[in-house]
Amino acid sequence: MKKFLSRIVLFFIPILMVYVLFGIALYQSGEWRTEDDIVEMLQKGEPAFFGLAYRGNDLYFKHEATVALKPRLLVLGTSRSMQFSSKFFTEPSFYNAGGAAGYTHAYRFFFENLPPEAMPEKLIVVLDQYFFQEGWSSTLKWPALDFAHYDFDARVAFSQLMRDWAKGKYRLTDMLTPPKNTYGVAAVGRGSGFYPDGSYCYGNLVDHPEKGTDVGFADTYGRIRLGNRRFEWSEDIYTPSLEEMGRFMALCHENGVEVVAVIPPYPPSVWAEMEASGNYGYIPKLLPALTQILEPYGYEVYDFTNMPNTLDEEYIDGYHGGDRVYARIALELSEKSRILSGLIDREYLERALAPGDNPLRLSA
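Trainee: Where do I start with the overall build of the protein chain in this structure?
Mentor: Summing up its helical and strand segments, the protein chain has 15 helices and nine strands in all. Over its C-alpha trace the protein chain gives a radius of gyration of 22 Å, about what one expects of a compact globule, namely 21 Å for 364 residues. In terms of overall dimensions, the protein chain has a C-alpha envelope of 85 × 45 × 45 Å along the principal axes. Expressed as a percentage of its 364 residues, the buried residues of the protein chain come to 51%. Here the analysis covers contacts within the protein chain between residues at least 6 apart in sequence; of these, 73% occur between residues at least 24 apart. Carbon and sulfur atoms provide 55% of the accessible area of the protein chain, an area that totals close to 17,000 Å². Each charge class in the protein chain can be summarised by its mean position, and for the 35 positive and 47 negative side chains these summaries are 10 Å apart.

Okay, here's the thing in structure tokens:
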């Protein structure tokens, strides 16, 4: 009997050790860190690269960071705004709250919940095209917004980490020896997460785009053919979205915030495919419609839907531009925008846009 029990113990010891090892890896990764922890670090001026893999609280995180940091220059939008970096600007009080606005009404919600002292002086608001067509942005689909967020669940994170490791998504050695000031499985294992200024790094995907989910824009072309998943077809602009944007601009004006609106780009070949389909007639109508809303306040709007001076290789996928794309947008804004006059670092941008080995990464 004792020999039998000894064998059972010996059998389970290696299994137990594996569990212990993954538990240590999960702890070392910092996946358990809360958004409040990171905001506190940022407020103290401590560097923190933050990328969670097993829960997403972008609205809560970006709002809390904005309240704490009180940036004079703020960026707000979806993931298509997250490539605007503090390096592009001479204004030291900068934060990118990209990822906090997933629907048209989220912009106003974000601002209505800012204390007066956290209101920015200037706002770069990125407005995705699909916000303004009914298939994607019907008011029936607008979710109720709040700042509730997912708490860390050790059991869920532990099991998911083991599955992802088995699939080759992460190396255990990376989790056990994370880089300094790096928090979260995605940040440690893939190098993807938010920089202290709120901008986003795509990590390993920048060096290995062939491992992405939209290689050759195959997935995006499928969306265009089917008219789904942010590429819904429409000839006309969805009026309720314009009306909601009008309410948001009025709120900005009431709070003395100057606004520069940016309509973000598609890769040249993707835009060519969209034009050829004849199913996106609402997009060319956006600039005049938004201009009519913003111009009375002295605000500006710029349409970067089609950027022929960019290359397909400079895009992460069919609707997310990389660093070089947004550096070009900032450079163009430095020439055209009255509101951002003197706040954009042209010298840095021109140097950073010099030809480099990686079309997704800036040279500087």
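Trainee: Help me out: how do you make sense of the side chain of D128 in this one?
Mentor: Relative to the helices and strands, D128 is located in the loop between strand 4 (122-126) and helix 5 (134-137). Here the side chain of D128 touches T78 through a polar contact of 2.8 Å, side chain to side chain. Within the structure, D128 has its side chain in polar contact with the side chain of Y130 (distance 2.6 Å). Sequence-distant contacts of D128, that is, excluding residues within four places in its chain, are made with T78, R80 and P264.

Trainee: Is there a simple way to explain the sheet that holds strand 9 (residues 300-303) in this structure?
Mentor: Within a sheet, each strand pairs with its neighbour through backbone hydrogen bonds, oriented either parallel or antiparallel. Taken in spatial order, the five strands of this open sheet run 3-2-4-8-9, and their pairing is parallel. Edge positions in the sheet fall to strand 3 (94-96) and strand 9, since each of these pairs with one other strand and no more. Neighbour-to-neighbour, the strand axes of this sheet turn through a mean angle of 15°, independent of strand direction. Against the sheet, helix 3 (residues 58-69) engages strand 2 (73-76) and strand 3, with an angle of about 170° to strand 3.

Trainee: Just checking my understanding: could you explain the pairing of strand 4 for this structure?
Mentor: Note on strand geometry: in a regular strand, side chains alternate between the two faces of the sheet. When you tally the buried positions in strand 4, you get five out of five residues, the bulk of the element. Of the two faces of strand 4, both are covered, the one formed by K122, I124 and V126 as well as the one formed by L123 and V125. With four bridges joining them, strand 2 and strand 4 adopt parallel strand pairing. Its bridge partner being in strand 4, L73 is matched across the sheet by K122. Here strand 4 pairs with strand 8 (residues 258-263) via five bridges, running parallel. When the sheet's bridge partners are listed, V125 is paired in strand 8 with A261.

Trainee: It is not clear to me how the layout of surface pockets should be interpreted in this structure. Could you clarify?
Mentor: As a volume, the second largest pocket reaches approximately 380 Å³. If you go around the second largest pocket, you meet 21 residues; those closest to its centre are S85, K87, Y195, Y200 and D323. Looking at the lining of the second largest pocket, the element that brings in the most residues is strand 7 (residues 200-202), giving three residues. Across the lining of the second largest pocket, the residue classes tally to twelve nonpolar, five polar and four charged.

Trainee: Could you clarify how one ought to interpret the nonpolar core in this entry?
Mentor: The tendency in soluble globular proteins is for nonpolar side chains to be buried side by side. With 100 residues, the main nonpolar core has F88, F111 and L123 as its most contacted residues. When residues in this core are grouped by element, the largest group, seven residues, is from helix 14 (residues 323-336). Residues contacting L123, with those up to four places away along its chain left out, are L74, V75, L76, F111, F248, C252, V257, E258, V259 and V260. Formed by twelve residues, the second largest nonpolar core is a distinct cluster that contains F158, Y170, L172 and V188.

Trainee: Just to check I follow, could you spell out the pattern of salt bridges for this structure?
Mentor: Pairing is possible between side chains that carry opposite charge, provided their charged atoms lie close to one another. Counted under the stated rule, the structure contains 21 salt bridges. In this structure, R361 engages D207 in a salt bridge whose closest nitrogen and oxygen atoms are separated by 3.0 Å. Of this pair, R361 sits in the segment after helix 15 (346-352) while D207 sits in helix 9 (residues 204-207); the two residues are 154 residues apart in sequence, bridging distant segments of the chain. Since its relative accessible area comes to 37%, R361 is described here as partly exposed. R338 is the partner of E258 in a salt bridge, and the nearest nitrogen-oxygen pair spans 3.6 Å. Of the two residues, E258 sits in strand 8 while R338 sits in the loop between helix 14 and helix 15, which places them 80 residues apart along the sequence. Salt bridges here are not isolated pairs; linked through shared partners, they connect R108, E112, E244 and R247.

How each quantity is defined
Here the residue numbers are simple positions, counted from 1 along each chain's written sequence. Residue-level local features of this predicted model are given only where pLDDT is at least 70; pairs of side-chain atoms are given and counted only at 80 or more, and the full residue set underlies all totals for whole chains, interfaces and linings. Processing note: side-chain calculations cover all non-hydrogen atoms of the structure and skip hydrogens and water entirely. Strands are runs of DSSP state E lasting at least two residues, helices are runs of H or I lasting at least four, and both sets are numbered from the N terminus onward. C-alpha atoms define the radius of gyration in this analysis, and the globule rule sets the expected value at 2.2 Å times the number of residues to the power 0.38. The buried label goes to any residue with under 20% of its type's maximum accessible area, the exposed label to any with over 50%, and the partly exposed label to all in between, with areas taken from a 1.4 Å probe on protein chains only. Here, residues are in contact when the closest pair of their heavy atoms is within 4.5 Å. Surface exposure here means Shrake-Rupley accessible area, sampled with a 1.4 Å probe, where a residue is shielded only by the protein chains that are shown. Here Asp and Glu are counted as negative and Lys and Arg as positive; His is not counted, and neither are the chain ends. One atom stands in for each charge, and that atom is NZ of Lys, CZ of Arg, CG of Asp or CD of Glu. Pairs of N or O atoms are called polar contacts if they sit within 3.5 Å, as long as, within protein, a hydrogen donor faces a hydrogen acceptor (for residues adjacent in sequence, only side-chain-to-side-chain pairs). When DSSP locates at least two bridges between a pair of strands, those strands are taken to pair. Axis angles are defined between N-to-C directions and span 0 to 180 degrees, where every axis is a line fitted to C-alpha atoms and, for a helix, only to the segment in contact. Detection works on a 1 Å grid of protein atoms alone, calling trapped sets that fit a 1.4 Å probe cavities and calling open sets with protein on both sides within 12 Å along at least five of seven lines pockets, with lining residues defined by an atom within 4 Å of a point. Grid points are joined across faces, edges and corners, and a volume is the space filled by probe spheres set on the points. Residues are sorted three ways: Asp, Glu, Lys and Arg are charged, Ala, Val, Leu, Ile, Met, Phe, Trp, Tyr, Cys and Pro are nonpolar, and all the rest, Gly among them, are polar. By convention a nonpolar core is built from buried Ala, Val, Leu, Ile, Met, Phe, Trp, Tyr and Cys residues, the set being connected through side-chain atoms within 4.5 Å. Definition used for salt bridges: Asp or Glu carboxyl oxygen within 4 Å of a side-chain nitrogen of Lys or Arg.

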